[in-house]
Amino acid sequence: MIKSPLTVCVALLFLPAGLPGQEKYPAGIVHGPKAGFNIAAPDGWVVDTESGKHQDLPCVLYPKDSSWTDAKTVMYAKVASPPWEGVNAFVQWAIQGMKEKRGMPKEKIASGKTKDGHDYFVNEYPATKNYSQWERVGYVQLPQGVAYMVLTSRNQASYQRDSGVLEKVLKTLVYVEPKSEVASGQEYAHRYRQLVDQHAEREIEPLLTEWREKVPDDPDAWINSANYYFNQRQMRIEMREPKPGDITMTDKRTGKVGTIVHEVDKPGMKRAVELLQEATTKFPDHLDIWCGLAFFYQDSGDFENELSTLKKMVAYARGHPTQLKWLKGEPLGQPADKFIPDKLHEYGSYYEQKENAEDDKRWFQISTVATDQYPNDPQGFKDAAGYWADIGEWQKARESFEKAHQLDPKSVVALIGLGQISAEMKDFVSARKYYEAALKLEPNGQYAQNAKEALRKLKKK
């Protein structure tokens, strides 16, 4: 994960405390997701590719007779994070971030060209009352990226002695193609969007194939390919009475309502499924891919494989709870043992809304995965309780709602459910207790009116 340039540029760098350099070379390469560059150490200095790693600094330099830990002056080189492709915008943003602590720098005190002809300029950041180090930074515009190199000294005397070294390094800089495959993946993604907008169908499939071959570590290559084939399905409209959960369309001329039915037996769906199956093997940490595959099965009416996919996702997640990702490789945003039960609930709700016995059983099967694998999350027990209530198994419904209430005493849904089930079981005392507790938690919430109406009915009993 690339740090935001704010992390480095606002504070620039307090001289480090750490281990002495371990890998020292006369030259080093700095890679970013969109650009990279090679630099060489000037006479009397070394390049170290290890000592700065714990500070997210892939390449640091210091005098030969010292170390990254104790040198009076050091340098480090980086590529700005991906959003910054223009050097001027990046520098102005950095200045604004540093202004309060560092004041305004002396801008463009020097300029020149790198070894391969790219323009650079240097800003100076003198020490202030709030920041004791003396620094200057060289900025280089690269294709699709910004390189920057920071020289920082502990005191003014060291700065005056060493500050000229920065330009010596800048003059050795040579642009290199980015090591990360993210860059080429982004290029393929951009080209893919262009072809889709142009409806250039003949070119899309070869591009997607090339993308997967050339950038095999890019999950988006598989995701976009699968979505492309999935969207190739043909649809037909059946003029029949829609069932709960059906997608409908109204004929503007006749006013008749028809049900949209996907022709899921077309080659596109089969290929989409194959690609996401491959992707779950290549990128098992990406829960969005597992969920996408489950959705494809759901959409095609293949519940057995949908349930199997959800179970496999849960099994992997249970074994690797700390490395899971969601869309675009981002972290889940909440603990896995909360995130995944919520996803299972979404898949179960699809079948609940169909309101028929067969789909209710599917709803219950998914809720059972949640209660078995995540017994400390209440959602699966709420879903199971709903299923038991639908088929009139009041005692089982009550037990499930009681479990949900134990896990989440402030769940109004569980309290309302317990009130309803207790009333069905003629336990009116308990019903009143649960409805009153729900109203106390949310006197004006979503279920307040239902609870008030239920209490009015209970008064008559």
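Rules used throughout
Residues numbered from 1 in each chain as written. Predicted model: local features only at pLDDT ≥ 70, side-chain atom pairs only at ≥ 80, totals over all residues. Heavy atoms only, no water. Helix = DSSP H or I, 4+ residues; strand = E, 2+ residues; numbered from the N terminus. Buried < 20%, exposed > 50% of the residue type's maximum accessible area, 1.4 Å probe, protein only. Contact = heavy atoms within 4.5 Å. Pairing = 2+ DSSP bridges. Axes fitted to C-alpha atoms, helices over the stretch in contact; angles between N-to-C directions. Parallel < 35°, antiparallel > 145°, perpendicular 65-115°, else oblique. Nonpolar A, V, L, I, M, F, W, Y, C, P; charged D, E, K, R; others polar. Salt bridge = Lys/Arg side-chain N within 4 Å of Asp/Glu carboxyl O. Core = buried A, V, L, I, M, F, W, Y, C linked by side-chain atoms within 4.5 Å.

Caption draft 1: Structural context of the overall build of the protein chain. Across its full length, the protein chain holds 17 helices and 14 strands. For the protein chain, with 461 residues in total, the buried portion stands at 47%. Long-range contacts, defined as pairs at least 24 residues apart, comprise 56% of the intrachain contacts of the protein chain with a sequence gap of at least 6.

Caption draft 2: Inspection of the side chain of Asp-359 at higher detail. Structurally, the position occupied by Asp-359 is in helix H12 (residues 357–373). Beyond its immediate chain neighbours, meaning those up to four positions away, Asp-359 contacts Tyr-351 and Lys-354.

Caption draft 3: Spotlight on the pairing of strand E5 (residues 59–63). Across the five residues of E5, five count as buried, placing the element largely inside the fold. Here strand E4 (residues 45–48) runs beside E5; their pairing, made up of four bridges, is antiparallel. The residue of E5 that forms the bridge with Asp-48 is Val-60. Note that E5 and strand E6 (residues 73–79) share three bridges and pair antiparallel. Bridging across to E6, Val-60 finds its partner in Tyr-76.

Caption draft 4: Structural context of the packing of helix H10 (residues 303–319) against helix H11 (residues 336–352). In the contact formed by H10 and H11, the axes pass within 11 Å of each other and the chain directions differ by 170°. Our classification of the angle between H10 and H11 gives roughly antiparallel. Together, Phe-303, Glu-306, Leu-310, Met-313, Val-314 and Ala-317 of H10 and Ile-340, Leu-344, Tyr-347 and Tyr-351 of H11 make up the contact between the two elements. Split into classes, the residues belonging to the contact of H10 with H11 amount to nine nonpolar, no polar and one charged.

Caption draft 5: A look at the pattern of salt bridges. On inspection of all chains with the given rule, the structure shows 17 salt bridges. A salt bridge links Arg-398 to Asp-427, with the shortest nitrogen-to-oxygen separation between them at 2.9 Å. Of this pair, Arg-398 sits in helix H14 (residues 394–407) while Asp-427 sits in the loop between helix H15 (412–424) and helix H16 (428–441), placing them 29 residues apart in sequence. Arg-398 sits in the buried class, given a relative accessible area of 12%. Asp-427 sits in the partly exposed class, given a relative accessible area of 23%. Residues participating in the shared-partner salt-bridge network are Lys-106, Glu-124 and Arg-136.

Caption draft 6: Spotlight on the environment of Val-174. Looking at the secondary structure, you find Val-174 in strand E11 (residues 174–176). Not counting residues up to four positions away in its chain, the partners in contact with Val-174 are Gly-36, Phe-37, Asn-38, Lys-115 and Asp-116.

Caption draft 7: A look at unusual backbone geometry. One non-glycine residue with positive phi stands out, namely Lys-108, at about 50°. Examined against the element boundaries, Lys-108 turns out to sit in strand E7 (residues 106–113).

Caption draft 8: Layout of the nonpolar core. Ranked by size, the top nonpolar core spans 49 residues in total, and within it Leu-287, Leu-324, Ile-340, Leu-344, Ile-366 and Tyr-435 carry the most contacts. The element best represented in this core is H10, accounting for seven residues. Look past the residues within four positions of Leu-324 in its chain and what remains in contact with it is Asp-285, Leu-287, Tyr-316, Ala-317, Pro-331, Leu-332, Ala-336 and Ile-340.

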